[in-house]
Amino acid sequence: MMRDMKLGKGPILMNTHHAMDAINKTFKEKLGDKEGAKKVKHLEAEAWEDFLDMAIGQAGLWAAQDVEPDKVPSEIMPTEPYLLGSHAGCAGFWCCGPDDLGAPEEWNKKWPAGNYNRMSTVKGLFMCGDICGASGHKFSSGSHAEGRIAAKNALAFLLDNPGYTPTIKETADHLAAELYLPFEVYEKHKTYTTAPEINPNYIKPKMLQTRLQKISDEYFGGISTWYMTSKTMLDEGLRKLQLLKEDTSKMAASNLHELMRCWENYHRILSVEAHARHILFREESRYPGYYYRGDFDLVDDKNWKCFVNSKYDIATDKWEVKKVPYVQLVEDAAPVKH
Ligand SMILES: Cc1cc2nc3c(=O)[nH]c(=O)nc-3n(C[C@H](O)[C@H](O)[C@H](O)COP(=O)(O)OP(=O)(O)OC[C@H]3O[C@@H](n4cnc5c(N)ncnc54)[C@H](O)[C@@H]3O)c2cc1C
């Protein structure tokens, strides 16, 4: 599909209306006109509900572009770059694992803060579901099961550590000053120009977000480059990201909504940078279809069938990225014999 688009053979159409015609024909032949129509209505409602569950963007597009998918084909395209845990890769936090499946002791018994399944590397901070790494498919049921595991282990941790009182380094006043800085920047400079969006003294969160999106898209394997990136692209993108980071203290918020957007930007920058640094470190294309490294355009199991862990040091603004061996805990199911 991407090759066809590059050759100018778009748009790519999904023939939902042909599928509906076929279903209509089959059930009317099988059940007669009245019962067949009833059955088709039911199947149709389920199909649209599935789209709403699994591909909300598509349902939104139908509504926005006045498309009735049972009557006309609809256009599809690869999506914009986004970071997603559960269905698209094993990204997430490194957590303490179970100790009954033969995992290396570093994954549980020798966990720095104690052996509590689902505790992160931060003592007393538990994770579950999509936020945990190392599993490409969580689903709602898996996330729910992990929630129970995490809650039980968090209780065990509380009972074992009754006197544990984690404290933060900053004072409440310091945190408040930092959180509300974008208000201060705006109030200080807002009268300098007549249009609040255009001001040499600050940048609105929407503009910063657009800049972040553009850097990610163009350098870190987004749609602009057909999901292709490389060391040279990543290095240049990270250089531009550094300049963007320097501008974040100039973000200005005129209301609470914009203040929320400013803080979303801080969080997004962090996850985008982690993402880019992992892609840079892993010299292969582990998830073809999600992104490709033009300079290492293959899955390389010999060197890279492993986890990649990173640690960000806020004090030095440095990232440490390393390989962690992959260990198969559960054997693959035997192939089904027919
Ligand atoms: C498009 C799509 C379709 C899917 N379809 C299916 C499916 O059909 N069947 C299936 O089983 N699974 C499906 N999944 C996967 C499933 O939805 C997830 O695995 C599951 O919802 C993860 O649950 P969670 O509680 O770990 O995370 P989430 O449901 O993401 O919950 C995390 C919550 O934390 C909140 N939050 C984030 N940051 C903060 C903060 N700083 N302060 C306070 N709150 C915060 C978020 O707003 C969110 O409510 C789908 C996922 C996607 C994206």
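Just so we're clear, the structure is a prediction, and the values are computed from it rather than from any experiment. (Residues numbered from 1 in each chain as written. Predicted model: local features only at pLDDT ≥ 70, side-chain atom pairs only at ≥ 80, totals over all residues. Heavy atoms only, no water.)

### Remarks on unusual backbone geometry
Okay, step 1: Omega for the bond connecting Gly10 with Pro11 falls within 30 degrees of zero, at -10°, which places this linkage in the cis form.
Okay, step 2: Residue position: Pro11 is located in the loop between helix 1 (2–6) and strand 1 (12–14).
Okay, step 3: One non-glycine residue, Trp226, lies in positive phi territory at about 50°.
Okay, step 4: Assignment of secondary structure puts Trp226 in the loop between helix 8 (205–219) and strand 3 (228–229).
Okay, step 5: Positive phi, close to 65°, is recorded for Tyr227, a residue that is not glycine.
Okay, step 6: Take Tyr227: it is sitting in the loop between helix 8 and strand 3. (Helix = DSSP H or I, 4+ residues; strand = E, 2+ residues; numbered from the N terminus.)

### Some points on the packing of aromatic side chains
Okay, step 1: Per the counting criterion, the structure on display carries 16 aromatic pairs.
Okay, step 2: When the ring of Trp94 is compared with that of Trp107, the centres are 5.7 Å apart and the planes differ by 80°; the resulting orientation is edge-to-face. In this pair, Trp94 is assigned in the loop between strand 2 (74–76) and helix 5 (139–160) and Trp107 in the loop between strand 2 and helix 5, connecting sequence segments 13 residues apart.
Okay, step 3: The exposure class of Trp94 is partly exposed, given its relative accessible area of 23%. (Phe/Tyr/Trp six-rings, centres within 6.5 Å; stacked < 30°, edge-to-face > 60°. Buried < 20%, exposed > 50% of the residue type's maximum accessible area, 1.4 Å probe, protein only.)

### Structural notes on a negative patch on the surface
Okay, step 1: There is a patch of like negative charges on the surface, built from Glu46, Glu49, Asp50 and Asp53.
Okay, step 2: Assignment of secondary structure puts Glu49 in helix 3 (residues 33–54). (Patch = residues over 30% accessible without salt bridge, like charges linked within 9 Å, V, L, I, M, F, W, Y side chains within 5 Å. Areas by Shrake-Rupley, 256 points an atom, 1.4 Å probe, with all protein chains shown as cover. Salt bridge = Lys/Arg side-chain N within 4 Å of Asp/Glu carboxyl O. Lys, Arg positive; Asp, Glu negative; His and termini not counted. Charge placed at Lys NZ, Arg CZ, Asp CG, Glu CD.)

### Observations concerning the domain arrangement of the protein chain
Okay, step 1: Domain boundaries assigned for the protein chain yield domain 1 (2–76), domain 2 (79–167) and domain 3 (172–325).
Okay, step 2: The straight-line distance from the C-alpha centre of domain 1 to that of domain 3 is 37 Å. (Domains from an automatic or database assignment.)

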